[in-house]
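Structure assessment
Each chain is listed here by its residues.
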Amino acid sequence: MIFIVVKFPVKPEHAEEWPKHVEAFTRATRAEPGNLWFEWSRSLEDPHTYVLVEAFRDGTGEAHVNSDHFRAGLEAMRPLLRRTPDIVSTTIEGADGWSAMGELSID
C-alpha cells in the first residue's frame, strides 16, 4: 500500500472555498481503482493549508499520479496556491489494508 500526504498552502482568499475548487478532483480520485482512502482536512497549524491524505493498493498509486485527472487537478489548483505543495509518500510493504499500519493504543 502506498500512503500519500500532501500539504496544500492555499492563498488566504481561496481557503474558505477550497473544497469547492477541488470537488471534481476529489470525485475522480475517490472513484479510481485501488483507492483505499482519500480525505481532505484543514491544518491545525495554518488555517490556509489543506492536507490531503490518500492510500492506494500496491501498483495503483503510480497510475493515480500519472492520470489525466491528477495532472488537470494540479494545474487547476496552481493559481490558488501560495507555493508548491509539500508531499510525503511512503510504501507499507506487503500491506493490503489499514490493519498493516498497526493499532492505536491509549494507556
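Reading the values: rules and limits
- Residues numbered from 1 in each chain as written.
- Predicted model: local features only at pLDDT ≥ 70, side-chain atom pairs only at ≥ 80, totals over all residues.
- Heavy atoms only, no water.
- Pairing = 2+ DSSP bridges.
- Helix = DSSP H or I, 4+ residues; strand = E, 2+ residues; numbered from the N terminus.
- Salt bridge = Lys/Arg side-chain N within 4 Å of Asp/Glu carboxyl O.
- Buried < 20%, exposed > 50% of the residue type's maximum accessible area, 1.4 Å probe, protein only.
- pLDDT = per-residue confidence, 0-100.
- Contact = heavy atoms within 4.5 Å.
- Arc of directions from axis to C-beta.

Let us now look at the pairing of strand E2 (residues 35–42). Here E2 pairs with strand E3 (residues 49–56) via seven bridges, running antiparallel. Bridge pairing in E3 places Trp37 opposite Ala55. The turn joining E2 and E3, which pair antiparallel and follow one another in sequence, is formed by six residues.

Moving on, we come to the pattern of salt bridges. Applying the stated criterion across every chain yields a total of seven salt bridges. Between Asp46 and Arg82 there is a salt bridge; the shortest N-O distance is 2.9 Å. Of this pair, Asp46 sits in the loop between E2 and E3 while Arg82 sits in the loop between helix H4 (68–77) and strand E4 (86–91), and the two are 36 residues apart along the sequence. The class of Arg82 is partly exposed, set by a relative accessible area of 41%. Residues Arg78 and Glu75 are paired through a salt bridge, measuring 3.2 Å at the closest nitrogen-oxygen approach. Overall, the relative accessible area of 48% leaves Glu75 in the partly exposed class.

With 83% of its residues at a pLDDT of 70 or more, the protein chain has an overall mean of 84. Of all secondary-structure elements in the protein chain, the lowest mean pLDDT belongs to E4, at 75, while helix H1 (residues 18–21) reaches the highest, 95. Confidence drops under pLDDT 50 across residues 103–107; counting only partners more than four residues distant or on other chains, this segment forms zero contacts.

Every buried residue belonging to H4 is among Phe70, Gly73 and Met77, and all of these are buried. The arc enclosing the buried residues of H4, seen along the axis, measures out at 65°, which places them on a common side. Those residues of H4 that are buried are in contact with strand E1 (2–9), H1, helix H2 (23–30) and helix H3 (61–65).

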